[in-house]
Amino acid sequence: MTIFLRNRRAGAAATATALALASLAALAGTATPASASGRATATATAATATALVPASAAALKPASPAASTPPASGDPAALTLPRPTGPYATGRDTLFLTDHERTDPWVPAAGERRLLVSLHYPARPGSGGDPAPYMPEAEARLMLAQRGLDDPEWPGLVAATRTFSRTDARPAPGRFPLVLLSPGFGTPRATLTGLAEELASRGHVVATADHPYESTGTELPDGRVLTCAACDEVDAQPDDAGRRKVLAAVSAGRAADFSFLLDRLTGPRPAWRHARTIDARRVGMAGHSIGGNAAASTMAADRRVDAGVNMDGTFFDPVTARGLDGRPFLMLGTDPDHAPGAGDTSWDEGWARLDGFKRWLTVRDSGHFTFTDTPAIGEQLGIVDPDAPLSAARSTTITRAYMTAFFDRSLRDRPARLLDGPTPAHPEVLFQRP
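Residues numbered from 1 in each chain as written. Predicted model: local features only at pLDDT ≥ 70, side-chain atom pairs only at ≥ 80, totals over all residues. Heavy atoms only, no water.

## Notes on the pairing of strand 9 (residues 278-288)
And then number 1: Taken across its 11 residues, strand 9 has 8 buried, putting it largely inside the fold.
And then number 2: Across 6 bridges, strand 5 (residues 176-182) lies against strand 9 in parallel orientation. Within strand 9, the position partnered with Val-179 by the bridge is Gly-284.
And then number 3: Of the strand pairs in this sheet, strand 9 and strand 10 (residues 307-311) are connected by 5 bridges, and their pairing is parallel. Residue pairing for strand 10: Gly-284 is matched across the bridge by Ala-307.
And then number 4: Between strand 9 and its parallel partner strand 10, the chain crosses via helix 9 (residues 290-301), and the hand of that crossover is right-handed. (Buried < 20%, exposed > 50% of the residue type's maximum accessible area, 1.4 Å probe, protein only. Helix = DSSP H or I, 4+ residues; strand = E, 2+ residues; numbered from the N terminus. Pairing = 2+ DSSP bridges. Right-handed = clockwise from strand over helix to strand, strands pointing away.)

## Observations concerning helix 4 (residues 137-146)
And then number 1: Where helix 4 is concerned, the buried positions are Glu-139, Ala-140, Met-143, Leu-144 and Gln-146. For helix 4, the angular spread of buried residues about the axis comes to 165 degrees, placing them on one side.
And then number 2: With its phi angle positive at about 75 degrees, Gly-148 sits one or two positions after the end of helix 4. (Arc of directions from axis to C-beta.)

## A closer look at the packing of helix 8 (residues 240-266) against helix 9
And then number 1: Where helix 8 meets helix 9, the axes come as close as 8 Å, and the angle between the chain directions of the two elements is 55 degrees. The orientation of helix 8 with respect to helix 9, classified from their angle, is oblique. Read as a crossing pair, helix 8 and helix 9 show a hand that is right-handed. Contact residues: helix 8 offers Leu-247, Val-250, Ser-251, Ala-252, Arg-254, Ala-255 and Phe-258, while helix 9 offers Ile-290, Gly-291, Asn-293, Ala-294, Ser-297, Thr-298 and Ala-301.
And then number 2: Of the residues in the contact of helix 8 with helix 9, the class split is 8 nonpolar, 5 polar and 1 charged. (Axes fitted to C-alpha atoms, helices over the stretch in contact; angles between N-to-C directions. Parallel < 35°, antiparallel > 145°, perpendicular 65-115°, else oblique. Left-handed = near helix turned anticlockwise from the far one by under 90°. Contact = heavy atoms within 4.5 Å. Nonpolar A, V, L, I, M, F, W, Y, C, P; charged D, E, K, R; others polar.)

## Quick word on the nonpolar core
And then number 1: Within the largest apolar cluster, 39 residues are counted, with the highest numbers of intra-cluster contacts made by Val-117, Leu-178, Leu-180, Leu-261, Leu-265, Trp-272 and Phe-329.
And then number 2: The contacts of Leu-180, once residues within four sequence positions are left out, are Ala-207, Phe-258, Leu-261, Leu-262, Val-283, Gly-284, Met-285, Ala-286 and Val-305.
And then number 3: Core analysis: the next-biggest nonpolar cluster, separate from the first, contains 29 residues, Ala-196, Leu-332, Val-363 and Leu-390 among them. (Core = buried A, V, L, I, M, F, W, Y, C linked by side-chain atoms within 4.5 Å.)

Below you can see the structure in the form of structure tokens.
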């Protein structure tokens, strides 16, 4: 389910963040984005905008009563993420890190580059305190407002979404593979919480990073909220080539963020109190939208990352001509937008350069946000996308199944028959063999 953006000032003209969030140029080459704040560029056309993003929230339709009723929890009105299915309980910590060797690329006056990171990890059952919060209300308000969703009760509801990870939980014994997660452009890291909890419940440490000034809102520990300066940089470009260049810089910059994060998690003086639980010899990375491009960018820049996944992201920063040194890579996207020869030709180009184990999967009836928490939360709010009818339950099941299978194979040397070909259990998933 996709939550659409609504551009109030420009009618049918798409905004830059609309492009990035709704398809991240799945139709790259025809897209003409505009500003993150809703100001259309002079070259934007109604036809282009309509093809990519509905101009109004009227495109959103109420879900069926069964789909929109929140599951039972302590508060009958509360939203909740899908329960993780693995054998481990999960804990969560938060790190606020400063890279003293880099200046922030989007707001140099802000000084050194900083990262907010959520750490989900396998935990001992029954340990820990309260469930970890989903996201700050200020972040939820900005995220929803940018999508044209203005119900005054929704920011509080979304922020209070129930998670299944506990604060201060004791780690489970053992050492576990590390998976890095990167969210879409303009999207808070919280939107990958469900995937992070699932992977942690199945025996991974999961580090999900917020990249400052690349989200609708990032709340710092001191209460300040950073907004999307990178979106404004996209908007300032005179043409599509300029916008693509900036988005390529976003992906490459995230590679630097994750190399720094790996240093702080696995180096001689780790920043995380439970860093001993990480097996630094087994590291994977996945991302949604431009975060998926960042997975490939990070692998190209840092040999420590052993495997990667791109969930529906355009390769603005192309896969390097030399490939990824034989390391495995999964491309998981919407159908037909990310099928071979479809709108996003960067996938055809990237596929040809991948030189290790690789799979190209597309999912029928899916939307750009299918692989995030958006379907589960959206259905509980009574929102559906008629152009992406895949249910929240199927979105969750498919994403979990194929991500788990890929990382089991790539980081644990376990059999992953699910990646061998189509299966009756997941008829929506198409194996592309260009």
